[in-house]
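Architecture and fold: a report
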Amino acid sequence: MRLDKYLKVSRLIKRRTVAKEVADKGRILLNGQVAKSSSTVKVGDQLTIQFGNKVVTVRVEALLDSTRKEDAKEMFTILEETYKNNDEKV
């Protein structure tokens, strides 16, 4: 599944166009490598996403073509959540 579609369906990012922009700016790492919006995501991959000063690392648990809001959280597991300005882990 394409990275931008995964981010939208899993609701990590609300719109696919925003997911594409974030990826194309180099703010998403896929298994430690800078990812493009067209990168292929597989179960078990690790994504690191930079949202402003917040950095979230997740593991891909499932690939679904569409989900309800309640089921979207089952598509990933949050591994780490940090804030760049004070390195506070959540």
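What counts, and at which threshold
- Residues numbered from 1 in each chain as written.
- Predicted model: local features only at pLDDT ≥ 70, side-chain atom pairs only at ≥ 80, totals over all residues.
- Heavy atoms only, no water.
- UniProt positions renumbered as here; feature names shortened; annotations may be inferred.
- Helix = DSSP H or I, 4+ residues; strand = E, 2+ residues; numbered from the N terminus.
- Rg over C-alpha atoms; globule rule 2.2 N^0.38 Å.
- Contact = heavy atoms within 4.5 Å.
- Areas by Shrake-Rupley, 256 points an atom, 1.4 Å probe, with all protein chains shown as cover.
- Pairing = 2+ DSSP bridges.
- Core = buried A, V, L, I, M, F, W, Y, C linked by side-chain atoms within 4.5 Å.
- Buried < 20%, exposed > 50% of the residue type's maximum accessible area, 1.4 Å probe, protein only.

As named in an unreviewed UniProt entry, the protein chain is RQC P-site tRNA stabilizing factor, taken from Granulicatella seriolae. Turning to the protein chain, the UniProt annotation filed under Subunit (unreviewed entry) states: "Associates with stalled 50S ribosomal subunits. Binds to RqcH, 23S rRNA and the P-site tRNA. Does not require RqcH for association with 50S subunits."

**Examining the overall build of the protein chain**
A count of helical and extended segments in the protein chain gives 3 helices and 5 strands. Helices and strands appear in the protein chain in the N-to-C order α-α-β-β-β-β-α-β. Relative to a compact globule of 90 residues, whose C-alpha radius of gyration would be 12 Å, the protein chain shows 12 Å and is just as compact. For the protein chain, the spread of C-alpha atoms along the three principal axes comes to 35 × 25 × 20 Å. Pairs at least 24 residues apart make up 40% of the contacts formed inside the protein chain by residues separated by at least 6 positions. As presented, the protein chain carries roughly 5700 Å² of accessible surface, and 47% of it is formed by carbon and sulfur atoms.

**Some words on the pairing of strand β3 (residues 46-51)**
In this sheet, β3 lies alongside strand β1 (residues 28-30) in antiparallel orientation, the contact comprising 3 bridges. Along β3, the bridge assignment pairs Leu29 with Thr48. Between the antiparallel neighbours β3 and strand β4 (residues 54-60) lie 2 residues, among them Gly52 with a positive phi of about 60°.

**With respect to the nonpolar core**
Membership of the largest hydrophobic core comes to 20 residues, with the highest contact counts inside it found for Leu3, Tyr6, Leu7, Leu12, Ile28 and Leu47. Per element, the largest residue contribution to this core is 4 residues, and it comes from helix α1 (residues 3-9). Once you skip the residues sitting within four places of it in the chain, Leu47 turns out to touch Leu3, Tyr6, Leu7, Ile28, Leu29, Leu30, Val56, Thr57, Val58 and Val60.

**Focus on the environment of Asn53**
Tracing the chain through its elements places Asn53 in the loop between β3 and β4. Remark: the alpha-carbon pair of Asn53 and Thr82, spanning 29 residues in sequence, is separated by 8.4 Å. Excluding residues within four positions of it along the chain, Asn53 makes contact with Thr82, Tyr83, Lys84 and Asn85.

**Quick word on the sheet that holds strand β5 (residues 76-83)**
Strands sit in the order β2-β1-β3-β4-β5 across an open sheet of 5 strands; the sheet is antiparallel. For this open sheet the edge positions go to β2 (33-34) and β5, each flanked by a neighbour on one side alone. The sheet contact formed by β4 and β5 spans 7 bridges and is antiparallel. The residue of β5 that forms the bridge with Val60 is Phe76.

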